[in-house]
Amino acid sequence: MGETNPLVSWILTTVGSLFIAVLAVRAFGHWAKKEHGALITHIVGGAVVAFFIFSSTKTVAILKMLGEKLASVFTG
């Protein structure tokens with residue numbers, strides 16, 4: 001994950017694992033009810049959130065870049 005602090009690394013791993021468990025349970029529920037559109041949307045959204053959780057260094061860089069772009073739009 002690229003973090004040097006072991007506590008941050010442990011927290012991100014725990015949150016990521018809990019997220020995957022919740023995602024699996026909800027995906028099974030959508031699959032069992034034959035809600036295929038909701039299942040696909042859930043999986044795609046889950047993949048995006050998982051990327052943010054498991055690559056925190058890249059996430060911070062992306063959010064900084066978006067913030068700078070947004071600030072430049074309003075400040076001119």
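Preceding block: the structure.
Now for a description of the structure that goes with this document. What you see is a predicted model, and the numbers here were worked out from it, not measured in a lab.

What counts, and at which threshold
- Residues numbered from 1 in each chain as written.
- Predicted model: local features only at pLDDT ≥ 70, side-chain atom pairs only at ≥ 80, totals over all residues.
- Heavy atoms only, no water.
- Phe/Tyr/Trp six-rings, centres within 6.5 Å; stacked < 30°, edge-to-face > 60°.
- Buried < 20%, exposed > 50% of the residue type's maximum accessible area, 1.4 Å probe, protein only.
- Patch = residues over 30% accessible without salt bridge, like charges linked within 9 Å, V, L, I, M, F, W, Y side chains within 5 Å.
- Areas by Shrake-Rupley, 256 points an atom, 1.4 Å probe, with all protein chains shown as cover.
- Salt bridge = Lys/Arg side-chain N within 4 Å of Asp/Glu carboxyl O.
- Helix = DSSP H or I, 4+ residues; strand = E, 2+ residues; numbered from the N terminus.
- Contact = heavy atoms within 4.5 Å.
- Polar contact = N/O pair within 3.5 Å; in protein donor to acceptor, adjacent residues only side chain to side chain.

Let us now look at the packing of aromatic side chains. Counted under the stated rule, the structure contains two aromatic pairs. Ring centres of F51 and F52 lie 5.8 Å apart, and the angle between their planes is 55 degrees; on these two criteria the pair is classed as tilted. Residue classification places F51 among the partly exposed positions, given a relative accessible area of 34%. By relative accessible area, which is 34% here, F52 ends up partly exposed.

Taken together, the side chains of I40, V44, V48, F51, F52, I62, L63, M65 and L66 make up a nonpolar region of the molecular surface, amounting to roughly 770 Å² of accessible area. Going through the elements one at a time, α2 (36–54) and α3 (56–75) are the ones with two or more residues in the nonpolar patch. The greatest single-element share of the nonpolar patch, amounting to five residues, is contributed by α2. Mapped onto the elements, L66 comes out in helix α3. With a relative accessible area of 46%, L66 lands in the partly exposed category.

Of note, H42 is situated in helix α2. Each C-alpha atom, one on H42 and one on A61, is 25 Å from the other, the two residues being 19 residues apart in sequence. The residues touching H42, leaving out its near neighbours within four places in the chain, are L23, R26, A27 and H30.

Turning to the environment of T75, a few remarks are in order. Residue position: T75 is located in helix α3. Among the polar contacts listed, one links the side chain of T75 to the backbone oxygen of A71, at a separation of 2.7 Å.

On their own, these measurements won't tell you what the molecule is for.
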